[in-house]
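Residues per chain, in single letters:
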Amino acid sequence: MQGTQLVSRMAAVMRRVGSSASEGVTTAEVAAATGLPRSTAQRVLAALAEEGFVDRDARRGRWYLGPELFLLGSVAAERYDVTSTARDVLRSLAEKTGESAFFSARRGTETVCLAGVEGSFPLRSHVLHEGIRFPLGVASAGLAILAYLALPDAEAYLGERGGELAAAYGERHDAASLTRRIASTRKRGYAVNPGLLVPGSWGVGAVVFDRTGAPAWALSLTGVESRFSGERTAQLGTLLLEAAHTLSQRISRRASP
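Throughout, a residue's number is its position along its own chain's written sequence, starting from 1. Given that this is a predicted model, residues contribute local features only at a pLDDT of at least 70 and side-chain atom pairs are listed and counted only at 80 or more, while totals for whole chains, interfaces and linings are drawn from all residues. Hydrogens and water are ignored here; the side-chain numbers use all heavy atoms of the structure.

### Considerations on the overall build of the protein
Right, on to step 1. Under the DSSP-based scheme used, a helix requires at least four consecutive residues in state H or I and a strand at least two consecutive residues in state E, with every element numbered from the N terminus. For the protein, the count of helices and strands is 9 helices and 8 strands.
Right, on to step 2. A compact globule built from 257 residues would reach a C-alpha radius of gyration of about 18 Å, and the protein, at 19 Å, matches this within 12%.
Right, on to step 3. Between buried and exposed lies partly exposed: a residue is buried under 20% and exposed over 50% of the maximum accessible area for its type, with that area taken using a 1.4 Å probe on protein chains only. Within the span of the protein, comprising 257 residues, buried residues form 44% of the whole.
Right, on to step 4. Whether two residues are in contact is decided by their heavy atoms: any pair within 4.5 Å suffices. Expressed as a percentage of contacts within the protein between residues at least 6 apart in sequence, the contacts between residues at least 24 apart total 56%. Between the two quantities, the radius of gyration covers C-alpha atoms and the globule rule is 2.2 Å times the number of residues to the power 0.38.

Here's what the structure looks like:
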């Protein structure tokens, strides 16, 4: 591996390790997620470990993000991290609804969950957790962001990725289905995931804009179907829209000179 191919593969490996930050991942899981041969995945992980970007628990045989990423992340956080700005909004949503509240960021054609606060209701959806990534259009956060991209950008994305999304997440994630859900999301203002990833596990999401008006983040609430059906979905959506508007304004003020 040389040049850009090497960088791309290392990035893919680190993203997979980061998506299971608390549990860690095996070499086989990294290989399966990235499409690399197991021997190649092992060499990439070993090279990253030498530089401190990943760390291996020899007893459990699992890989974790390493200390060097913490140091770099601490430096980058001053410019990019808005999670601290969102935490009290998440707590308020969880307290008001009893559902688990999450804050996700757009990273290219994906969303990554940055923070979450568990709700008080004893039955929970476990689809989202900190560090997990989904393509745009998958889960309520990704659908909310996709719906508010410029239409030519959204159409280009669906044209390129629609078949791939349907193959990975089911036929209800093909381009035609996502186009319909984008239209519904723009009409309501918030996105709804009616158990499309895990049956019975629902989510509602609302986009958070940066100071240029671009859809950069999303707030979402997740829970079991019985808690999201009927009029309550609209009530949760309204709360999310209010919270997302508040957070968008807060982020804009923070970013202003």
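### Structural notes on the packing of aromatic side chains
Right, on to step 1. Ring pairs shown here join Phe, Tyr and Trp side chains whose ring centres sit within 6.5 Å, with only the six-membered ring taken for Trp; geometry is labelled stacked below 30 degrees between planes, edge-to-face above 60, and tilted in between. Inspection of the entire model under this criterion finds 2 aromatic pairs.
Right, on to step 2. Aromatic side chains Phe134 and Tyr169 sit 6.4 Å apart centroid to centroid with 65 degrees between the ring planes, which places their arrangement in the edge-to-face category. Taken together, the residues span a long stretch of sequence, with Phe134 in strand S5 (residues 133–135) and Tyr169 in helix H7 (residues 151–169) at a distance of 35 residues.
Right, on to step 3. Arranged with centres 5.9 Å apart and planes meeting at 90 degrees, the rings of Tyr148 and Phe209 form a pair that is edge-to-face. With Tyr148 in the loop between helix H6 (139–147) and H7 and Phe209 in strand S7 (residues 201–209), this pair connects stretches of sequence that are 61 residues apart.
Right, on to step 4. By relative accessible area, which is 23% here, Tyr148 ends up partly exposed.
Right, on to step 5. The exposure class assigned to Phe209 is partly exposed, which follows from its relative accessible area of 26%.

### Description of the sheet that holds strand S6 (residues 191–194)
Right, on to step 1. Ordered in space as S5-S4-S3-S8-S7-S6, the 6 strands form an open sheet in which the pairing is antiparallel. The strands lining the two open edges of the sheet, one partner per strand, are S5 and S6. Strand-to-strand twist in this sheet, taken as the mean axis angle between neighbours without regard to direction, amounts to 30 degrees.
Right, on to step 2. Pairing between strands is defined by DSSP: at least two bridges between the two strands are required. Bridging between S6 and S7 involves 4 bridges; their strand directions are antiparallel. Every axis in this analysis is a line fitted to C-alpha atoms, fitted for helices over the stretch in contact. Angles between the N-to-C directions lie between 0 and 180 degrees.

### Quick notes on unusual backbone geometry
Right, on to step 1. The phi dihedral of Ala139 is positive, around 70 degrees, even though this residue is not glycine.
Right, on to step 2. Its location among the elements puts Ala139 in helix H6.

### A few points about the pattern of salt bridges
Right, on to step 1. Basic side-chain nitrogens of Lys or Arg form a salt bridge, by our definition, when they fall within 4 Å of a carboxyl oxygen of Asp or Glu. All told, the structure shown has 6 salt bridges when counted by the stated rule.
Right, on to step 2. Between Asp88 and Arg250 there is a salt bridge, with its nearest N and O atoms 2.7 Å apart. Highlighted residues: Asp88 in helix H5 (residues 83–97) and Arg250 in helix H9 (residues 231–255), separated in sequence by 162 residues.
Right, on to step 3. In this structure, Arg161 engages Glu164 in a salt bridge whose closest nitrogen and oxygen atoms are separated by 3.1 Å. In this pair, Arg161 and Glu164 are both assigned in helix H7, 3 residues apart and thus about one turn of the helix distant.
Right, on to step 4. Accessibility expressed as a relative area gives 45% for Glu164, which makes it partly exposed.

### Structural notes on the confidence of the model for the protein
Right, on to step 1. In predicted models, pLDDT denotes the confidence assigned by the predictor to each residue on a 0 to 100 scale. In the predicted model, the protein carries a mean pLDDT of 88, and the fraction of residues at 70 or more is 92%.
Right, on to step 2. Confidence scores differ between elements of the protein, with helix H4 (residues 67–80) showing the lowest mean pLDDT of 70 and H6 the highest of 96.

### Thoughts on the packing of H6 against helix H8 (residues 175–188)
Right, on to step 1. Packing of H6 against H8 brings their axes to within 9 Å, and their N-to-C directions diverge by 80 degrees. In terms of orientation, H6 lies roughly perpendicular with respect to H8. The residues of H8 that touch H6, namely those facing Leu143, Ala144, Leu146 and Ala147, are Leu178, Arg181, Ile182, Thr185 and Arg186.
Right, on to step 2. Taken together, the residues of the contact of H6 with H8 break down into 6 nonpolar, 1 polar and 2 charged. To sort the angles, those under 35 degrees are grouped as roughly parallel, those over 145 as roughly antiparallel, those from 65 to 115 as roughly perpendicular, and the leftovers as oblique. Throughout, the ten residues Ala, Val, Leu, Ile, Met, Phe, Trp, Tyr, Cys and Pro are labelled nonpolar, Asp, Glu, Lys and Arg are labelled charged, and all others, Gly among them, are labelled polar.

### Thoughts on the environment of Ala167
Right, on to step 1. Here Ala167 lies in helix H7.
Right, on to step 2. Considered as a pair, Ala167 and Glu99 are 68 residues apart in the sequence and their alpha carbons are 30 Å apart.

### A few points about the environment of Leu114
Right, on to step 1. Turning to its location among the elements, Leu114 is positioned in strand S4 (residues 110–117).
Right, on to step 2. Separated by 16 residues in the primary sequence, Leu114 and Glu130 place their C-alpha atoms 5.3 Å from one another.
Right, on to step 3. Beyond its immediate sequence surroundings of up to four residues, Leu114 is in contact with Thr83, Phe103, Ser104, Ala105 and Glu130.

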